[in-house]
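Structural characterization, general
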Amino acid sequence: MFSKILIANRGEIAVRIIKTCRRMGIATVVVYSEADADSMAVEMADEAVFIGGAPASESYLVADKIVDAVRRTGAQAVHPGFGFLSENAGFARRLAAEGIVFIGPNPKAIEAMGDKIESKKFAQKAGVSTVPGHVGEIDDTAHAIKIAEEIGYPVMIKASAGGGGKGIRVAWTRKDVEEGFPAVRAEAKASFGDDRIFIEKFIESPRHVEIQVLGDKHGNVVHLFERECSIQRRNQKVIEEAPSPLLDEATRKAMGDQAVALARAVGYDSAGTVEFVAGQDRSFFFLEMNTRLQVEHPVTELITGLDLVEQMIRSAAGEPLAFGQQDLKINGWAIESRIYAEDPYRGFLPSIGRLVRYDPPAEGQAADAVIRNDAGVREGDEISMFYDPMISKLSTWAPTREAAIDAMGRALEDFHIEGLGHNVPFLAAVMDQERFRSGKISTNYIKDEFPEGFHGTPPTSFQRDVMAAVACAMHRTYVGRAAPELLRSDWIVIEGGEQRTVRASEGAVEFVDEGRTLRLTDVQWRPGRPTFKGVLDGVPFTAQVKPAAEGYVVRHRAAQARVLVLTPRSAELHQKLPPKKAADTSKMVLSPMPGLVVSVDVNPGQEVKTGEVVAVLEAMKMQNIIRAEHDGVVKAVNAKAGDSVAADEVLVEFA
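Basis of the calculations
Residues numbered from 1 in each chain as written. Predicted model: local features only at pLDDT ≥ 70, side-chain atom pairs only at ≥ 80, totals over all residues. Heavy atoms only, no water. Helix = DSSP H or I, 4+ residues; strand = E, 2+ residues; numbered from the N terminus. Rg over C-alpha atoms; globule rule 2.2 N^0.38 Å. Buried < 20%, exposed > 50% of the residue type's maximum accessible area, 1.4 Å probe, protein only. Contact = heavy atoms within 4.5 Å. Pairing = 2+ DSSP bridges. Axes fitted to C-alpha atoms, helices over the stretch in contact; angles between N-to-C directions. Salt bridge = Lys/Arg side-chain N within 4 Å of Asp/Glu carboxyl O. Phe/Tyr/Trp six-rings, centres within 6.5 Å; stacked < 30°, edge-to-face > 60°. Lys NZ or Arg CZ within 6 Å of the ring centre and 35° of its normal. Parallel < 35°, antiparallel > 145°, perpendicular 65-115°, else oblique. Left-handed = near helix turned anticlockwise from the far one by under 90°. Nonpolar A, V, L, I, M, F, W, Y, C, P; charged D, E, K, R; others polar. Expected span 1.5 Å × (residues − 1).

Each helix and strand in the protein was counted, giving 17 helices and 40 strands. Against the compact-globule benchmark of 26 Å for 655 residues, the protein has a radius of gyration of 27 Å, which places it among compact chains. Across its three principal directions, the C-alpha atoms of the protein cover 80 × 65 × 55 Å. Within the protein, the proportion of its 655 residues that are buried is 56%. Summarising the internal contacts of the protein: among those between residues at least 6 apart in sequence, 65% fall at separations of at least 24.

Here we have 8 strands rolled up into a closed barrel, ordered β25-β26-β27-β28-β29-β30-β31-β32, and antiparallel in their pairing. Adjacent strand axes in the sheet meet at a mean angle of 35 degrees when their direction is disregarded. Where strand β28 (residues 516-524) lies against strand β29 (residues 531-536), 3 bridges are found, and the strand directions are antiparallel. Each residue of the ladder has a partner; that of L520, found in β29, is L536. Against the sheet, helix α12 (residues 401-414) engages β29, β30 (539-547) and β31 (552-556), with an angle of about 30 degrees to β30. Of the strands in this sheet, β25 (490-495), β26 (498-505), β27 (508-511), β28, β29, β30, β31 and β32 (559-566) are in contact with helix α16 (residues 461-482), which crosses β32 at around 45 degrees.

On to the pattern of salt bridges. Inspection of the entire model under this criterion finds 63 salt bridges. Overlapping salt bridges, with partners in common, bring together R16, R23, E301, D307, E310, R314, E319, R372 and D374 in one network.

With that out of the way, let us pick up the sheet that holds strand β33 (residues 588-590). The strand order across the open sheet formed by 4 strands is β33-β40-β38-β35, and the pairing between neighbours is antiparallel. With one partner strand each, in any of the chains shown, β33 and β35 (607-608) form the two edges of the open sheet. In terms of strand pairing, β35 meets strand β38 (residues 632-637) through 2 bridges, oriented antiparallel. Bridge assignment links V608 to a residue of β38, and that residue is G632.

Mapped onto the secondary structure, V553 falls in strand β31. In this structure, the C-alpha to C-alpha distance between V553 and V563, residues 10 residues apart in sequence, is 6.2 Å. Apart from the residues lying within four places of it in its own chain, the contact partners of V553 are Q544, V545, K546, A548, Q560, A561 and R562.

Our next topic: the packing of aromatic side chains. With the rule as written, the count across this model stands at 18 aromatic pairs. An angle of 85 degrees between the planes, with centres 5.4 Å apart, marks the rings of F426 and F454 as edge-to-face. Taken together, the positions of F426 in helix α13 (residues 424-432) and F454 in the loop between α15 (445-449) and α16 put the pair 28 residues apart, joining distant regions of the chain. Residue F426 is classed as buried on the basis of its relative accessible area, which comes to 0%. With relative accessibility at 1%, the residue F454 sits in the buried group. By way of ring pairs, the aromatic residues Y345, F348, F426, F450 and F454 are connected into one cluster. Directly above the ring of W491 sits R488, whose terminal nitrogen or CZ lies 5.8 Å from the centroid.

Along the chain, P360 falls in the loop between β19 (357-359) and β20 (364-366). The spatial distance from the C-alpha of P360 to the C-alpha of I417 is 8.0 Å, given a sequence separation of 57 residues. When sequence neighbours within four positions are dropped, the list of residues in contact with P360 reads N373, D414 and F415.

When β25 meets β26, the two strands line up antiparallel, connected through 6 bridges. Across the sheet, the residue bridging to I492 is T501, located in β26. Here β25 folds back onto β26, and the loop between the two strands holds 2 residues, one of which, G496, carries a positive phi near 60 degrees. Both β26 and β27 contribute to a ladder of 4 bridges, which runs antiparallel. By the bridge assignment, R503 is partnered in β27 with E510. Where β26 hands over to β27, the hairpin turn is made up of 2 residues, of which G507 adopts a positive phi near 85 degrees.

Our focus in this paragraph is the packing of helix α1 (residues 11-24) against helix α11 (residues 308-316). One can describe the packing of α1 onto α11 by two numbers: an axis separation of 9 Å at closest approach and a directional angle of 65 degrees. Classed by the angle they form, the pair α1 and α11 counts as roughly perpendicular. Crossing of α1 over α11 shows right-handed handedness. Residue-level inspection shows R16, I17, T20, C21, R23 and M24 of α1 in contact with α11, the latter providing L308, V309, E310, I313 and R314. Here the contact of α1 with α11 is composed, by residue class, of 6 nonpolar, 1 polar and 4 charged.

Here we come to α12. Compared with the 20 Å implied by 1.5 Å per residue over 14 residues, the 20 Å span of α12 between its first and last C-alpha is a close match. Within α12, 10 of the 14 residues are buried, which leaves it mostly tucked inside the rest of the structure. Within the span of α12, buried status applies to R401, A404, I405, A407, M408, G409, A411, L412, E413 and D414.

This is the structure:
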């Protein structure tokens, strides 16, 4: 077994690998860029080596710097994590030539399966059912249009070396290909150093189901069942679960057998994932194979009890698998929610910045469930524009799917983040949706359920009670401290324009007009604390709270409201106040996110039609096309290519 491993990665996966190495008694080395000098991974590792500037092309993608770090530290093996060099056969060969063990599959397997174009050729030769498409390199945009029209719209434009949702566009028309092909090529070059592109038929209303495989250097290969990853936005997985609610035992066995046969055919000897696109009728087609550890591996670990990082290390060290397929069983159900630094209220655009507050739910056993949070950040850390905007991966396990969903909902309630936009309210909304709970999902789920974007959810009757009870309890505390002589029991609570007469006392909230009294117990809150925990009529809850200029802002899961607690006279006067008008920004094109201006495609005096491209912004290595929302004539252009812009900065003004 190795005595020292170098981790050629960053963030949560670097921390994840360190934890397994510690348990196995293996020393760790991490490499880090300028942006990661003060990171959690650097703090946790036994040694750390600086390898260059913040852009991955100057650090994590430079093989020479990784090899030099191995030599300097005396590490015997390199774990690449996921992304960066994890699926680079040339890197694996380079390590082998240097006498360094690559903790991943052999280079031949990476070449056969890791390259998206070559994997499809190999799968076709092996008789595996594949999605119709063009398997081969594409020369330019004109060639891409020709191929797309031969296949028939819609098509998927994908980077051959792609992963993590980057380098992918769905094209529904010729215009989409004209705009999407160069954008995908640019993203592929920036993120993977490889701008080869392929095109395949996009299957509508599909499900994304993948099989985890594991092999050793002695010819043994098993599968660790499936994961369903159908909840996606912009082709990036958001929620994953294991097993899949779609599959029956026969389909599970067929998919597993096909994945294992494919892995055996290429002599696969590590952890890998065979991805399938599945129809609602349980038909399935080979999509691609990822020759690395997957981001969503925790759900597989939770239902099998195996540590996939440990299994990769043991395989790389030459140990045979300690179990066969017959030894593996599915135990319970697991769900993972990816916590991203993005603003779901603004089309899930990246929202980078500093974690002013970061308070995740407690890990471990919680009633009949297990809570796990894989993170590489701490309070005060910054989510950088140079890398993926993931903050952490929150996972729950329970004996049944329904219980795992309920546990996830409660865990998301307990997750508190401040300082940047995040998708916790959106994830909580999905957990509460009847369609998700039924298991009738597809990769179109977010588009289907939130066609106008995500704007939160209206409060349920229980959530309205929570908001009123929390606001009254907070108000009693503030009034009792500031002016105890004004403390009273009868208040008017206003939420969403609706008034309720409430009689609040220690441990109880009476809704006078409704003839109901609810017990509020086990309160955990004090002024200044951003979360309010309690039990309302026997139901535990956590609300995110903060005082507003008037009243209190209370969020429970995806429902948020400003709640006023007023005396009857104040409530009467409040009704007479005119509503505040929102600022008119209809003649402005605002930057939807902080980022770098790639191009500005309009000039002063130019006539612009609805839908035309105004500018292209890059953030998190993703190119975002900004379009005109209405016809108009450009009055002023306030940005140019190369500028760094903040969210809501005015890019273009119309006359």
